Each structure stands twice: as structure tokens, then as C-alpha cells.
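Results of the structural survey
If you want the building blocks of each chain, they are given just below.
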Amino acid sequence: MLKKEILRKKSDFDAIYRAGRSVPDKYVVLFLRKNDLPYSRTAFLASKKVGNSVQRNRAKRLMRESYRLNEDKFSAGYDIIFIARNTINGRKLKDVEKSMMNAAARGKVTGR
RNA sequence: UGGGUAAGACAGACAAUCGCGCGCCGCGCAUGCGGUGUGAGGAAAGUCCGGGCUCCGCAGGGCGAGGAUGCCGGAUAACGUCCGGCGUAGGUAACUAUAGGGAAAGUGCAACAGAAACAUACCGCCGCUUCAAGCGGUAAGGGUGAAAUCGUGAGGUAAGAGCUCACGGGGGCCCAUGGUAACAUGGGUCUCGUGUAAACCCCAUCCGGAGCAAGACCAAAUGGGCGUACGGCGCAUGCCGGGCAGUUGCCCGCUGCCGCCCGGAGGUAGGUCGCUGGAGCAUGCCGGCAACGGUAUGUCGAGAUAGAUGAUUGUCAGAUACAGAACCCGGCUUACGUCUUGCCCGGGUC
RNA sequence: GCCGGCGUGGCGGAAUAGGCAGACGCCCGGGACUUAAAAUCCCGUGGGUAGUAAUACCCGUACCGGUUCGACCCCGGUCGCCGGUA
């Protein structure tokens, strides 16, 4: 994942939360918005509700890995925020991956 | 074999495939690509103490305020930490805990109860005047309280009282012995009424403040400010003049602009440094009961910036709790899985 | 990451140089008034045990210890919540 593909500006986050759509699922919630760029940008978040720093780190890693394994299935040109829910604790990669793809399909960002 | 107690170790390993941060090498204008090396903890946590480092303040020194610490000796860069002792408390024991200076320097407080809480006489007892009652003596007995004039026995007395004596207990002072010391043991002598300083306070020692979001450097776009280049009138939209450009070359007229550009400053977004080689780690030897110190040899073990260690499968008998570096060290405290060893108490067997 | 503050019944909030915890207001429950309700007035209101009851005892100030005769208060530690800081 290249550096330019990581969301980091507060203005970008605000734009996505304000103008984007949200798609909840069992373990993750997606916020997404078209960005008019030839590539997609992503961010992986886990709030303090998820748990301590070890649990938050693991949640983000599982989401990042799920996205990496399925990156080719996503359409380009979207800003996507992946947010972990506290139900993610103790889950395996396969569960998270399934939940993410489920949400992505309902958000209509897969295809191609 | 059951229970207890103390000390210590580890924190899954290996293989395969996919993937991540950083360093180095090669290729490439570059985004990058390939190779190779390396990559979280014993608590990384809480932020409770102590230092380094940085900025601010400060001539040097002293006094004061405020805060911290508080048996003795040692260790250390320093500490409220650690080690070895002493006293006290708990435990059958191994062992553990300990903010443990000063209450005859002063002040405050001690609710309720009780006569009285720092000086005191309610009941009682004794004596006298005397019917009750009053006056005086008394601290043995009763009663209150967390706390009330040392305990037991004898003498003594009107009744009593350390008033006197014996034994015991506490405290002050002096002496001797052991110990660097705290202190311990023994003797002599004096005297027998509080508690609280994690209440104010006194004494001794220590402390300037803020923190890596400290701080240093580079620095875009847009807007604004300054300098240079444009004058006058008007509060101002504006008006007059001047300059430049366009309108075919020139003049008038008309239109547009009053700058573009340049210089330097500030410093936002962003970036670079600070950023990891240090009171470092490992092993051996020497000194010390120990904490620790000295010395020799070897060695370099994260440095991210939305934040890098993950996923899947297999094997090992089985398998992981608490938990993720964010400037760096020394401690303390708290959370927590497994294993080893010493010691203590009890039970069984020989 | 760093720096501060707070924690008391169901709720908001008192109690403070240590001495009867829960004042006061709201909510809630019961009663009066009313045809019924609202408003108003009166009473009750932390938990447990024993008791027919009056009442008695024990535990309760986020949690765990310490100092003290005695702790919401003083001291140490833990947990949770809130705020500030680029």
C-alpha cells in the first residue's frame, strides 16, 4: 500500500463523514465516498470502545489484511474508512474478511 | 504427600506461502523495483518518585514562602529506591510488615457519656457542727469513657494516699561493657497522670519553573503586511492628472490596468533534525555478608509518524495469561500464564 | 503523549480546621381533596437481619489499605469519568 493511498487529513475525514454513505455489518462499519482520483484511499480505525491498544492494533491489522487480500475486487476511485466494532474481538481473519466483503457488496464498491 | 513461605527463569519453537517498517547494496530522472540484514515488554501499563536532555528565569550568596523526606550504617548520577542492621508488630515456624525524629518550646482538638478530659470530687468512706443538711479530709471502692493519678502484698491512718517498705512495671539522668551507630545488657539514682504532629508546629536534610506537543532548521499555495515602482482632490463608491498596453505608424478619442515583476520579513500546510551507542548489554576474574564497585574480553539489539511484527497451514504431549516502544535511563506500584529451586509446619512409610 | 480536576440514596446537590452521614430540591410510593384527574397539602423513601409492632443490631460516601478512641474529611495505592494542550 502506497503512502498516497492512506487517508490522513482531517478535511478528508470530515468530507467522508458528511457527504459519504455508511454501511454497517457485524464486525466492521464502512464509510465511503467517490474521490475522483484514479486510485482508492483508505483508513482503518478502532476506537477505545474496541479495547486496549493490543486489541485495537489487532483489529486494524485484521482489517488491513482483509483489504489487502481482496483489493482487486474493489472498484477504484473511492475513499473508504473501515471502522472496527467491539464485536471484532476474538474473531479470526476469515470472519472479518467475510464481514468486510459483505458490507462492501452492499455498499456497491465491489465489482469489476 | 498436603499446606505455607522466599528466591529465580521463560514469555512458545521450527518449517512453508503471502504481507509490513527501517538500514545497507544494486538498478532507475523519479513514483519505485530487486537483493540482503534487522524489527516490542517484564511489566512497553499507571504516570507515583528520581536523573539526563531542551527552552525560560537567574551575577554570586543569603533570608523567607511553598513542597518533600524523617531509627542507624552503607550503595547510587540521584531518589520517597535498594542492601545490611536496630526497635516494634504479626505468625507454631520458615518468614513478613513497618511515614519509626520531637508531646517538660508553644498553640489547637479530645464529640457523646461522665463530677471531672487537664486539671477534677457525683456516689461512697472518715472527721467536725449536727435532725435533714453543711464544712473539711480522702483517691482505696462504685460508675462514665477509646483514654481517669502504675500493679500485687504488707506497714501506716480518723479514713486514706508511693506516705513508707518488698517484688514487679514505665520514664528521665548518670556509669560500665559490647557495637562505627541505631541499640542491647548490667548497675546506680531520681520520679511515678494523658492521647493526637498522615492537626498547626519545632528540628535536620533536599528542592528554580516547564516539558520532546520541549526545542532547532527548511518552507509551498492563497490572502494580508513592509520596501521599491504612480501624483492631486474627496469621508467614500468616485473625480482630475500621469504612465503602460491595445485600437495599422503618429496625434486626438475610446477601452483596460495601476500593476506584472523584484527584494526582504513572518511563519501556516508540509518536511528535516531532535531520535537513539547508553549511568548500554553478555561472560569471566577480583573486592564486599549484600546492594554494588573495579577490571579484561566480546558485542551493537526497534526508531515508526494515523503509527511498522500480521495471516493461513503443518509438526512438537499440550499451549498462552497480562499486554504494544512513541525522547532516553534508574526505581516504585498495579495486571498476569507456566516452570524450577531452597526453607518451614503437618501426615504416611522404611 | 503530556498536564489538571472530580467520584455521597433513583437524580441534582449539602454535610469540612476529624465527632449522630444523607440537609434542601426533584422523582417515586401512600393518604387527604376531586365524579375522575391536574395542582395543592400531609406522611414515607440507602441496604440487610431479628421482631406483630415500637425498635434494636450490622453494613453503607467508587474500590483496597493505613493514621486515629473515632475518617465522606488526613495519608498511600487502584478503578472509572470529565476537561485542557498541537
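The sections below set out a description of the structure shown in this document. Predicted model only: the values in this text are computed from it and were never measured. (Residues numbered from 1 in each chain as written. Chains lettered and ligands numbered in written order. Predicted model: local features only at pLDDT ≥ 70, side-chain atom pairs only at ≥ 80, totals over all residues. Heavy atoms only, no water.)

**Some words on the packing of aromatic side chains**
Within this structure, the stated rule accounts for seven aromatic pairs. Ring centres of Phe-74 and Phe-82 lie 6.5 Å apart, and the angle between their planes is 80°; on these two criteria the pair is classed as edge-to-face. Residues Phe-74 and Phe-82 agree in their burial class; the two are buried. (Phe/Tyr/Trp six-rings, centres within 6.5 Å; stacked < 30°, edge-to-face > 60°. Buried < 20%, exposed > 50% of the residue type's maximum accessible area, 1.4 Å probe, protein only.)

**Focus: the protein's contact with RNA strand B**
Taken together, 16 residues surround RNA strand B, and among them Ser-53, Arg-58, Arg-64, Arg-68 and Leu-93 come closest. Each atom of RNA strand B within 4 Å of the protein was assigned to sugar, phosphate or base; sugar and phosphate come to 78%. Side-chain polar atom of Arg-64 to a phosphate oxygen of RNA strand B: 2.9 Å apart, as the coordinates give it. At 3.3 Å, a side-chain N or O of Glu-65 approaches a base nitrogen of RNA strand B. By residue number, the principal contributor to the surface near RNA strand B is helix H2 (residues 53-69), which donates nine residues. Here the residues of the surface near RNA strand B sort into five nonpolar, three polar and eight charged. (Near = heavy atom within 4 Å. Polar contact = N/O pair within 3.5 Å; in protein donor to acceptor, adjacent residues only side chain to side chain. Helix = DSSP H or I, 4+ residues; strand = E, 2+ residues; numbered from the N terminus. Nonpolar A, V, L, I, M, F, W, Y, C, P; charged D, E, K, R; others polar.)

**Section: the side chain of Arg-41**
Along the chain, Arg-41 falls in strand S3 (residues 41-45). The residues contacting Arg-41, other than those within four sequence positions of it, are Lys-4, Glu-5, Leu-7, Asp-12, Asn-35, Tyr-78, Asp-79 and Ile-80. (Contact = heavy atoms within 4.5 Å.)

**Here we look at the pattern of salt bridges**
Side chains carrying opposite charge are able to pair once their charged atoms draw close together. Counted according to the given criterion, the structure contains three salt bridges. Note that Asp-79 and Arg-41 form a salt bridge whose closest N and O atoms lie 3.0 Å from each other. On the criterion of sequence distance, the pair formed by Asp-79 in strand S4 (residues 78-84) and Arg-41 in strand S3 is long-range, its members being 38 residues apart. For the pair shown, Asp-79 and Arg-41 are each scored as buried. Glu-65 is the salt-bridge partner of Arg-68, the closest N and O atoms lying 2.9 Å from each other. (Salt bridge = Lys/Arg side-chain N within 4 Å of Asp/Glu carboxyl O.)

**Things to note about the pairing of strand S2 (residues 28-34)**
Among the seven residues that make up S2, five are buried, leaving the element largely enclosed by the rest of the structure. In the sheet, strand S1 (residues 21-24) pairs with S2 via four bridges, with the strands oriented antiparallel. Within the sheet, the bridge partner assigned to Arg-21 lies in S2 and is Leu-32. Bridging between S2 and S4 involves seven bridges; their strand directions are antiparallel. Across the sheet, Leu-32 pairs through a bridge with Ile-80, a residue of S4. (Pairing = 2+ DSSP bridges.)

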